[in-house]
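# Topology and contacts: notes
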Amino acid sequence: MADVSTNGPADSVTSSGLVEDAAAKNEELPPPPPLDFQPPSQPGLQNGWASIEERADPAQRAWVEGSTLDAEKVVIETENVRRFELNLPHLGVDWSERIVLKIDGSTSELTKKRWPSMILERTPAGAWVVVD
């Protein structure tokens, strides 16, 4: 029995079972656009609002995610972070109001006392404290 194709020449298949497209293989893909933390004309977190200073486990991936609600509440979630820096001018909040800061479920008040940035560290009990 002969193997007949009516769709033209067959693409080669890689060892993983994926079809290899020669044209796509040679084509350079453009880099992804930078993350946009602040929609145009909207309050919110701006690029550079936080940076990880130390991971809890250096061998594992770590991240910090955040958002602002009503320009008076900052909500931050972390994973595998022992210490991070919070850059206050980039939060996009209304500093004339009382600012609520919620990190990993714990709520406190955010002030400009340590302007322009503060370093937060997770205690062994899981609480976040300002260390600088």
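Residues numbered from 1 in each chain as written. Predicted model: local features only at pLDDT ≥ 70, side-chain atom pairs only at ≥ 80, totals over all residues. Heavy atoms only, no water.

## Here we look at a negative patch on the surface
Together, Asp70, Glu72, Asp94 and Glu97 line one region of the surface with negative charge. By secondary structure assignment, the location of glutamate 72 is in the loop between strand S4 (63-69) and strand S5 (73-79). (Patch = residues over 30% accessible without salt bridge, like charges linked within 9 Å, V, L, I, M, F, W, Y side chains within 5 Å. Areas by Shrake-Rupley, 256 points an atom, 1.4 Å probe, with all protein chains shown as cover. Salt bridge = Lys/Arg side-chain N within 4 Å of Asp/Glu carboxyl O. Lys, Arg positive; Asp, Glu negative; His and termini not counted. Charge placed at Lys NZ, Arg CZ, Asp CG, Glu CD. Helix = DSSP H or I, 4+ residues; strand = E, 2+ residues; numbered from the N terminus.)

## Describing the environment of isoleucine 99
Inspection of the secondary structure assignment puts isoleucine 99 in strand S7 (residues 99-103). A C-alpha to C-alpha distance of 4.8 Å links isoleucine 99 and glutamate 72, two positions 27 residues apart in sequence. Residues contacting isoleucine 99, with those up to four places away along its chain left out, are Ala71, Glu72, Val74, Val93, Asp94, Ser108, Glu109 and Leu110. (Contact = heavy atoms within 4.5 Å.)

## Concerning the pattern of salt bridges
Counted under the stated rule, the structure contains five salt bridges. Residues glutamate 121 and arginine 82 are paired through a salt bridge, measuring 3.2 Å at the closest nitrogen-oxygen approach. Of this pair, glutamate 121 sits in strand S9 (residues 117-122) while arginine 82 sits in strand S6 (residues 81-87), and the two are 39 residues apart along the sequence. Here glutamate 121 falls in the buried class, since its relative accessible area comes to 15%. (Buried < 20%, exposed > 50% of the residue type's maximum accessible area, 1.4 Å probe, protein only.)

## Points about the confidence of the model for the protein
Note that predicted coordinates carrying low pLDDT should not be read in detail. On average, residues of the protein score 79 in pLDDT, and 68% of them are at 70 or above. The low-confidence segment residues 3-8 (pLDDT under 50) makes zero contacts with residues lying over four places distant or belonging to another chain. Every residue in residues 11-17 is under pLDDT 50, and counting partners more than four places away or in other chains gives eight contacts. (pLDDT = per-residue confidence, 0-100.)

## With respect to the packing of aromatic side chains
Considering all chains together, one arrives at two aromatic pairs under this definition. Ring centres of phenylalanine 84 and tryptophan 128 lie 5.2 Å apart, and the angle between their planes is 75 degrees; on these two criteria the pair is classed as edge-to-face. Here phenylalanine 84, found in strand S6, pairs with tryptophan 128, found in strand S10 (residues 128-130); they are 44 residues apart in sequence, far enough to count as distant. Exposure class is identical for phenylalanine 84 and tryptophan 128. Each is buried. Of note, lysine 112 hangs over the ring of tryptophan 115, and the distance from its end group to the ring centre comes to 4.7 Å. (Phe/Tyr/Trp six-rings, centres within 6.5 Å; stacked < 30°, edge-to-face > 60°. Lys NZ or Arg CZ within 6 Å of the ring centre and 35° of its normal.)

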